[in-house]
Amino acid sequence: MLLLAVTAVEKLKTLPPDVWLKIGIGVAVFVAAIFLFRKVMKMNKIIGGIIAFVVCSVVFFSWVYNRNEPKFLTPIVEKIAPFFPSAGAYNAKQSTTPK
């Protein structure tokens, strides 16, 4: 068991600094999300629900606009995306000749 711990520590030492930076940022974002969630839960539930709805809507419409949604949501976004503008739609429309 000690041998596994030593090899794991050696592998962790070989990780580049940018990986540690990303891990640190991820941990900080997680802690901040927990802190914000606790603050929101102390608020009025209606205001908390409105804030959650707005945040989820902005994230979802960003996924639809940029088409960078998670893979498991691709079938849903493909059905919804034709009803909303996309990132490349304006340039594609401008490159065609007017009728």
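Reference entry: report on the structure contained in this document. Here the structure is a predicted model, which is why all the values come from computation and not from measurement.

Things to note about the side chain of E69
Here is step 1 of the chain: With respect to the helices, strands and loops of the structure, E69 is situated in the loop between helix 3 (45–66) and helix 4 (74–80).
Here is step 2 of the chain: Side chain to side chain, E69 and T74 meet in a polar contact 3.2 Å long.
Here is step 3 of the chain: Excluding residues that lie within four positions of it along the chain, E69 makes contacts with W63, T74 and V77.

Regarding helix 3
Here is step 1 of the chain: Compared with an ideal rise of 1.5 Å per residue, which puts 22 residues at 32 Å, helix 3 spans 31 Å between its outermost C-alpha atoms and is within 8% of the ideal.
Here is step 2 of the chain: If you check which residues of helix 3 are buried, you get G48, S57 and V64. What you see down the axis of helix 3 is that its buried residues fit within an arc of 165°, all on one side.
Here is step 3 of the chain: Elements in contact with the buried residues of helix 3: helix 2 (17–41) and helix 4.
Here is step 4 of the chain: After helix 3 finishes, the residue R67 shows a positive phi value of roughly 55°.

Structural notes on the packing of aromatic side chains
Here is step 1 of the chain: Scanning the model with the defined rule gives two aromatic pairs in all.
Here is step 2 of the chain: Aromatic pair F60 and F61: ring centres 6.0 Å apart, planes at 70°, arrangement edge-to-face.
Here is step 3 of the chain: Judged by its relative accessible area of 40%, F61 falls in the partly exposed class.
Here is step 4 of the chain: Taking the centre distance of 5.0 Å and the plane angle of 65° together, the rings of F61 and F84 count as edge-to-face. Here F84 lies in the loop between helix 4 and helix 5 (89–95) and F61 lies in helix 3, a separation of 23 residues in the sequence.

Conventions and cut-offs
Residues numbered from 1 in each chain as written. Predicted model: local features only at pLDDT ≥ 70, side-chain atom pairs only at ≥ 80, totals over all residues. Heavy atoms only, no water. Helix = DSSP H or I, 4+ residues; strand = E, 2+ residues; numbered from the N terminus. Polar contact = N/O pair within 3.5 Å; in protein donor to acceptor, adjacent residues only side chain to side chain. Contact = heavy atoms within 4.5 Å. Expected span 1.5 Å × (residues − 1). Buried < 20%, exposed > 50% of the residue type's maximum accessible area, 1.4 Å probe, protein only. Arc of directions from axis to C-beta. Phe/Tyr/Trp six-rings, centres within 6.5 Å; stacked < 30°, edge-to-face > 60°.

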